[in-house]
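# Reading the structure
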Amino acid sequence: MENNERKIPAYMKNIPFFFIAALAAPVAMLLVFLNWSKITPQMRSNHLIFSILMTLLYVSKILPDGTLKLLLTALALTLILFVTYIVIGGKRK
């Protein structure tokens, strides 16, 4: 770690950011660009890729209309991504 490491905002940490991206993907992408200099390159790439994928889902209208259906679909996709990430990360070790 560097001595002059900048403090990462709480909403840019992994779990809060993934919930923000699942619920409001374009906002998550904007947050990545606004905090570009505050986050590490690894975190930048992870957050940017995830927010771009979620934004593509929103733009392409894959997600259903309606607030409840939208919320449930976003939470299900987030859960699937977390489980996939944990399984792939566990096999790398």
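Refer to the structure presented above.
Anyway, here's the lowdown on the structure attached to this text. (Residues numbered from 1 in each chain as written. Predicted model: local features only at pLDDT ≥ 70, side-chain atom pairs only at ≥ 80, totals over all residues. Heavy atoms only, no water.)

Looking now at the overall build of the chain. When helices and strands are counted, the chain shows 4 helices and 0 strands. The buried share of the chain, reckoned over its 93 residues, is 26%. Considering only contacts within the chain whose residues lie at least 6 apart along the sequence, 55% involve residues at least 24 apart. Of the accessible surface of the chain, which amounts to about 6800 Å², a share of 70% is contributed by carbon and sulfur atoms. (Helix = DSSP H or I, 4+ residues; strand = E, 2+ residues; numbered from the N terminus. Buried < 20%, exposed > 50% of the residue type's maximum accessible area, 1.4 Å probe, protein only. Contact = heavy atoms within 4.5 Å. Areas by Shrake-Rupley, 256 points an atom, 1.4 Å probe, with all protein chains shown as cover.)

Spanning 19 residues, helix H3 (residues 41-59) covers 26 Å between terminal C-alpha atoms, matching the ideal 27 Å at 1.5 Å per step. Three or more residues of H3 are buried, namely Met43, Arg44, His47, Leu48, Phe50, Ser51, Met54 and Thr55. (Expected span 1.5 Å × (residues − 1).)

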